[in-house]
Amino acid sequence: MLGRRVGTDHNRKGTPMFDLQRDGDVHVLRFDDDENRFTPAFLDGFHEVLDTLEKAEGPGALVTVGTGKFYSNGLDLDWLSAHGDQFEPYVGRIHRMFARLLTLPMPTVAAVNGHAFAGGAMLALAHDFIVMRSDRGYFCLPEVDLGISFTSGMGALIQARLTAATAHEATITGRRYPAEEAVTAGIVYQAVPEAEVLPRAVELAASLAGKDGATVGKIRTGLYGAVIETLTDPAVLD
């Protein structure tokens with residue numbers, strides 16, 4: 001497997017929080033920063049990866065995976081509470097991250113190794129498929145319990161990627177879905193034991209890597225055009 005470290009920011013262990021590897025035609029992006037919240041450094045790294053992948057030539061697919069108990073816990077609310085004046089540019093960068101995944105010219109698979117909460121759950125939904133660990137971890141949109149409403153862009157993404165009934169239940173109740181229940185609800189493509197999450201995601205991505213990337217991107221843009229427009233409109237941050 002060939003790869004490189006992405007970005008200059010480091011996690012609490014002193015190692016880079018992003019590691020982009022190549023397994024055949026599959027690009028494997030691992031993020032390793034405890035809960036993998038959307039800190040400014042996390043967003044820097046992810047956008048840098050997307051810059052790289054958008055320029056990639058030939059067959060390709062993307063798999064993202066976290067480390068340990070967390071895939072991602074989403075927005076960094078502590079940082080945001082201390083930098084309230086930066087709310088709009090911060091959320092705008094998150095919106096663009098989701099939109100860039102939706103338009104990325106290659107198939108994408110989220111290997112959800114643990115908890116995917118709030119923005120982290122939305123990040124997983126921005127992928128084509130989700131493979132989730134069956135023995136531990138939840139998919140959850142807990143904003144209702146945090147007293148936080150969804151932005152128009154986030155709401156549009158959730159509604160586009162989930163059935164109406166599931167979107168309603170997930171957002172109104174803040175239900176925590178273990179993997180098997182997430183499969184039943186149509187959120188997750190497949191639930192597998194911990195050791196199989198990344199291999200299965202890579203296998204799935206490899207089976208799709210031969211699809212023409214430009215066509216994949218155009219198809220997604222057609223399917224989710226209204227979502228992408230909302231996510232990339234700087235005037236829509238309510």
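Below you will find a few notes about this structure. Not measured: the values here are computed from a predicted model. Once a new chain begins, its residue numbering starts again from 1 and follows that chain's sequence as written. Under the rules for a predicted model, residues below a pLDDT of 70 receive no local features and side-chain atom pairs below 80 are neither given nor counted, while totals for whole chains, interfaces and linings still include all residues. Hydrogens and water molecules were not included; the side-chain quantities draw on all heavy atoms of the structure.

What follows covers the overall build of the protein chain. The way it works is that DSSP assigns letters per residue, a run of H or I at least four long becomes a helix, a run of E at least two long becomes a strand, and they are numbered from the N terminus. Secondary structure summary: the protein chain contains 11 helices and 13 strands in total. Its C-alpha radius of gyration of 16 Å places the protein chain within 12% of the 18 Å reference for a compact globule of 238 residues. Projected onto its principal axes, the C-alpha positions of the protein chain cover 45 × 40 × 40 Å. For this analysis, residues touch if any pair of their heavy atoms sits within 4.5 Å. Looking at the protein chain alone, contacts between residues at least 24 apart form 71% of all its contacts between residues at least 6 apart. Only the protein chains shown count as cover for residues, and the accessible areas themselves come from Shrake-Rupley with a 1.4 Å probe. Total accessible area on the protein chain stands at roughly 10,600 Å², and carbon and sulfur atoms take up 52% of it. Charge convention: Lys and Arg are scored as positive, Asp and Glu as negative, and His as well as the terminal groups of each chain are ignored. In this description, the location of a charge corresponds to atom NZ of lysine, CZ of arginine, CG of aspartate or CD of glutamate. Charged side chains in the protein chain number 21 positive and 31 negative. The centres of these two groups are separated by 4 Å. As defined in this context, the radius of gyration uses C-alpha atoms, and a globule is described by 2.2 Å times the residue total to the power 0.38.

Here the focus is a nonpolar patch on the surface. A cluster of nonpolar side chains, namely Leu77, Leu146 and Ile148, defines an oily patch on the protein surface of about 240 Å² accessible area. In this fold, isoleucine 148 is placed in the loop between helix 5 (143-146) and helix 6 (152-161). Nonpolar side chains (Val, Leu, Ile, Met, Phe, Trp, Tyr) are joined into patches within 5 Å and like charges within 9 Å, using only residues with over 30% relative accessible area and no salt bridge. By definition, a salt bridge exists where a carboxyl oxygen of Asp or Glu is found within 4 Å of a side-chain nitrogen of Lys or Arg.

To continue, consider the pairing of strand 3 (residues 26-31). Counted residue by residue, strand 3 has five buried out of six residues, so it is predominantly covered. What makes two strands pair is DSSP finding at least two bridges between them. Alignment of strand 3 against strand 5 (residues 61-65), held across five bridges, turns out to be parallel. Looking at strand 5, one finds that histidine 27 is bridged to leucine 62. Each residue's exposure class comes from its accessible area (1.4 Å probe, protein chains only) as a fraction of the maximum for that residue type: buried when under 20%, exposed when over 50%, partly exposed otherwise.

So, on to the environment of alanine 235. Its location among the elements puts alanine 235 in the segment after helix 11 (225-232). With relative accessibility at 67%, the residue alanine 235 sits in the exposed group. Separated by 65 residues in the primary sequence, alanine 235 and alanine 170 have C-alpha atoms spaced 27 Å apart.

This part covers the packing of aromatic side chains. Between the rings of Phe, Tyr and Trp (Trp by its six-membered ring), a pair exists once the centres lie within 6.5 Å; its type follows the angle of the planes, with under 30 degrees stacked, over 60 edge-to-face, and the other angles tilted. Following the criterion strictly, the structure yields 11 aromatic pairs and no others. Here the aromatic rings of phenylalanine 31 and tyrosine 71 are separated by 5.4 Å at their centres, their planes lie at 65°, and the arrangement is edge-to-face. One end of the pair, phenylalanine 31, is in strand 3; the other, tyrosine 71, is in strand 6 (residues 70-72), with 40 residues separating them in the sequence. Across the pair, exposure class does not vary: phenylalanine 31 and tyrosine 71 are buried alike. Plain terms: the ring middles of tryptophan 79 and tyrosine 90 are 5.1 Å apart, the flat faces sit at 35° to each other, and that makes the pair tilted. Of this pair, tryptophan 79 sits in helix 2 (residues 77-82) while tyrosine 90 sits in helix 3 (residues 87-103), and the two are 11 residues apart along the sequence. Grouping residues by exposure puts tryptophan 79 and tyrosine 90 together as buried. Put simply, the rings of Phe18, Phe31, Phe38, Phe42, Phe46, Tyr71 and Phe98 touch in pairs and so form one group of aromatic residues. Only when the NZ of Lys or the CZ of Arg is both within 6 Å of the ring centre and within 35 degrees of the ring normal is a charge said to sit over the ring. The ring of tyrosine 138 carries the charged tip of arginine 176 above its face, separated from the ring centre by 5.9 Å.

All right, on to the pairing of strand 8 (residues 108-112) then. For strand 8, the tally of buried residues reaches five of five residues, placing the bulk of the element in the interior. On strand 8, burial covers both faces: Thr108, Ala110 and Val112 on one face and Val109 and Ala111 on the other are all buried. Sheet topology note: the strand 5/strand 8 ladder contains four bridges and is parallel. Paired with valine 65 across the bridge in strand 8 is alanine 111.

Inspection of the secondary structure assignment puts proline 142 in the loop between strand 11 (139-140) and helix 5. Taking the C-alpha atoms as reference, proline 142 lies 7.8 Å from threonine 173; in sequence the two are 31 residues apart. Look past the residues within four positions of proline 142 in its chain and what remains in contact with it is Phe117, Ala118 and Gly174.

Those residues of helix 11 that sit buried are Val227, Ile228 and Leu231. An end-on view of helix 11 places all buried positions within 95° of arc, on one side of the element. Residues of helix 11 that are exposed and point more than 90 degrees away from the buried face comprise Ala226 and Glu229. Here the buried face of helix 11 lies against helix 3, helix 6 and helix 10 (213-223). Each direction from the helix axis to a C-beta atom contributes to the arc, which is the arc of those directions.

Turning to helix 9 (residues 197-208), a few remarks are in order. Side chains three or four residues apart in an α-helix point the same way, a direct result of the helix having 3.6 residues per turn. How far a helix is expected to stretch is found by multiplying one less than its residue total by 1.5 Å. Over its 12 residues, helix 9 runs 17 Å from end to end, which matches the ideal 16 Å to within 8%, given 1.5 Å per residue. Where helix 9 is concerned, the buried positions are Val197, Arg200, Ala201, Val202, Leu204, Ala205 and Leu208.

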